[in-house]
Amino acid sequence: MFDSSVYAARRAALARLVRSGCILLPGNDFIGMNYRANTFPFRQDGSFLYFTGLDRPGHCLWLDCESGEEILFGPEPGMEHTIWSGAAPSLSERADLSGIAVSKAMHELAHTVRQAKGQGRSIHYSPTYQGETALLLSGVLGIPALELEAGFSSILVQGIVELRSVKSPAEVAQIRQAITISADVYDRLMQSCVPGAREMELYGRSQGLIFSHGSREAFPMILSRRGEVLHNHTHDQILRDGDLLLVDSGVVSPLGYASDITRTLPVGGRFSSRQKEIYEIVLEALAVGTLNMAPGVPFVECHLAAARVVAKGLTDLGLMLGDPLEAVQRGAHALFFPHGLGHMLGLDVHDMEALGEDFVGYDHEFKRAAQFGLSGLRMARRLRPGFVMTVEPGIYFIPALIRQWREQRRLEEFINYEALDAYLDFGGIRIEDDVLVTEDGRDVLSKDIPKSVDDICKRMGDAS
Ligand SMILES: [Mn+2]
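Residues numbered from 1 in each chain as written. Predicted model: local features only at pLDDT ≥ 70, side-chain atom pairs only at ≥ 80, totals over all residues. Heavy atoms only, no water.

*Asks:* Help me understand the coordination of the manganese ion in this model?
*Replies:* Tetrahedral metal sites with four donors have an ideal angle of 109.5 degrees; octahedral sites with six donors have ideal angles of 90 or 180 degrees. Protein coordination of the manganese ion is provided by Asp260 (OD), His343 (NE2), Glu392 (OE) and Glu432 (OE), with donor distances spanning 2.0 to 2.3 Å. Counting gaps between the donor residues of the manganese ion yields the pattern D-x82-H-x48-E-x39-E. Placement of the pair is Asp260 in the loop between strand S9 (244-249) and strand S10 (261-266) and Glu392 in the loop between strand S11 (388-391) and strand S12 (394-396), with a sequence separation of 132 residues. The two residues Asp260 and Glu392 agree in class, both being buried. (Donors = N, O, S within 2.8 Å, 3.2 Å for Na, K, Ca; no water. Helix = DSSP H or I, 4+ residues; strand = E, 2+ residues; numbered from the N terminus. Buried < 20%, exposed > 50% of the residue type's maximum accessible area, 1.4 Å probe, protein only.)

Set out below in structure tokens:
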């Protein structure tokens, strides 16, 4: 954990932003996998972790924005806990680690909420994403679980987003730590990405490596020779000479901060000339998107700059037609690059997405576009120093999508559908870095993980 003063300062800042009423911020609990005592691996809620540092299940934070009163509700580990799970700090010791003066048993939460409601105080809560949390809130607030969604506090959500968006140097150091582990994963993958290797074998070895660093995944790893399936979680293929292996993975730092890296590797260590052509376009889109990042620049501009590189590159190859600038305006590039350039990164891999994507990536100045492709952009608003973003352009040849567009003769003035016939078995390429916005520009936190054609081939060649 950081020092308790860090969490106390964050809570005080949140209370100032929300100004009036009380905040009810539940942490996550264990969730039963096939019976109650056999649970999924515990994962703390990002906001609860940010404001308390406590990475344990079954707690709830109560903040009175006006009086400044803070209470940690949670379980008291007794002898049962000591016998089965070992000794744990007492509830008041845990509260102390967070700088919270008062702690109470969980069953007293309902009384505190009732009292505040009786005094006519408003009670702020954020959107939920786990049934257990919804049941807890529903019970203590007296609101039917299905109606919770409508009543969440946008002032609270905006306050949390305001604070969590800007990463302190200590938080950036955590993200760097996660990236160092990812670097090791990619280094080993570059040595083992050979014809005949099974995806499952590489996946399993990567998992073991992550565990051996005392870490775990920030999200389920994508490791597939079928990179055109954007979130492909199958690992049932055998790598063949000439394949591309797309690996999108991230791990967590000791305090829960995520890395999120993608590399696309040529199985056997050498790109074909056709693969190299597409790879270089994606690499340039990554470079241009990144170079555009600076304080005050809307991230949507970085996205569009990268999209123009994709359109220009594909036009030069004869796969797209007409003016690339106009093609991007019309959304034609999205046939190949159907997702956004990136997202915020922090305690959550899609940072704060639990609070609602539009609260995180959009504001009074930027509204989400309706156009296919651009509509998937998670972040459009202006960058500020301390933001950590992923930058992850890609080019994919998705046969079903190409077929659909072709049948609809969609944007045919910009797309050379006939030329695409030769690319239907190409797969997909994505390259992703993690980037810190600084006072005068940007710092690519993952720059040491090889990504140029030469660096990758050299690293992979070293192995053979
Ligand atoms: Mn990502």
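We are not done yet, so read on.
*Asks:* Sorry, what's going on with the environment of Pro450 here?
*Replies:* Summarising the element assignment, Pro450 is placed in the loop between strand S15 (441-444) and helix H16 (453-463). Take Pro450: its relative accessible area is 23%, and that puts it in the partly exposed class. Linking Pro450 and Thr262, residues 188 residues apart in sequence, is a C-alpha distance of 11 Å. Leave out the neighbours within four places in its chain, and Pro450 touches Met190, Arg263, Asp455 and Ile456. (Contact = heavy atoms within 4.5 Å.)

*Asks:* Help me understand the side chain of Asp45 in this model?
*Replies:* Mapping Asp45 onto the fold places it in the loop between strand S3 (38-39) and helix H2 (46-52). Arg164 is the oppositely charged side chain nearest to the buried, salt-bridge-free Asp45, at an N-O distance of 5.6 Å. Here Phe48 takes part through its backbone nitrogen, which lies 3.0 Å from a polar atom of the side chain of Asp45. Residues contacting Asp45, with those up to four places away along its chain left out, are Pro26, Asn28 and Tyr129. (Lys, Arg positive; Asp, Glu negative; His and termini not counted. Salt bridge = Lys/Arg side-chain N within 4 Å of Asp/Glu carboxyl O. Polar contact = N/O pair within 3.5 Å; in protein donor to acceptor, adjacent residues only side chain to side chain.)

*Asks:* When you look at the pairing of strand S5 (residues 70-74) in this model, what are you seeing that I'm missing?
*Replies:* On a regular strand, one side chain projects to one face of the sheet and the next to the other, so that they alternate. With five of its five residues buried, S5 lies for the most part within the structure. Burial along S5 is two-sided: Glu70, Leu72 and Gly74 and Ile71 and Phe73, pointing in opposite directions, are all buried. Where strand S4 (residues 60-64) and S5 come together, four bridges link them in antiparallel fashion. Each bridged residue has a counterpart across the sheet, and for Cys60 the counterpart in S5 is Phe73. Count of turn residues in the S4/S5 antiparallel hairpin: five residues, of which Gly68 carries a positive phi of about 80°. For S5 and strand S6 (residues 102-105), the ladder comprises four bridges, and the chain directions are parallel. Bridging across to S6, Phe73 finds its partner in Lys104. (Pairing = 2+ DSSP bridges.)

Note that every value here comes from positions in space, so none of it alone points to a role or purpose.
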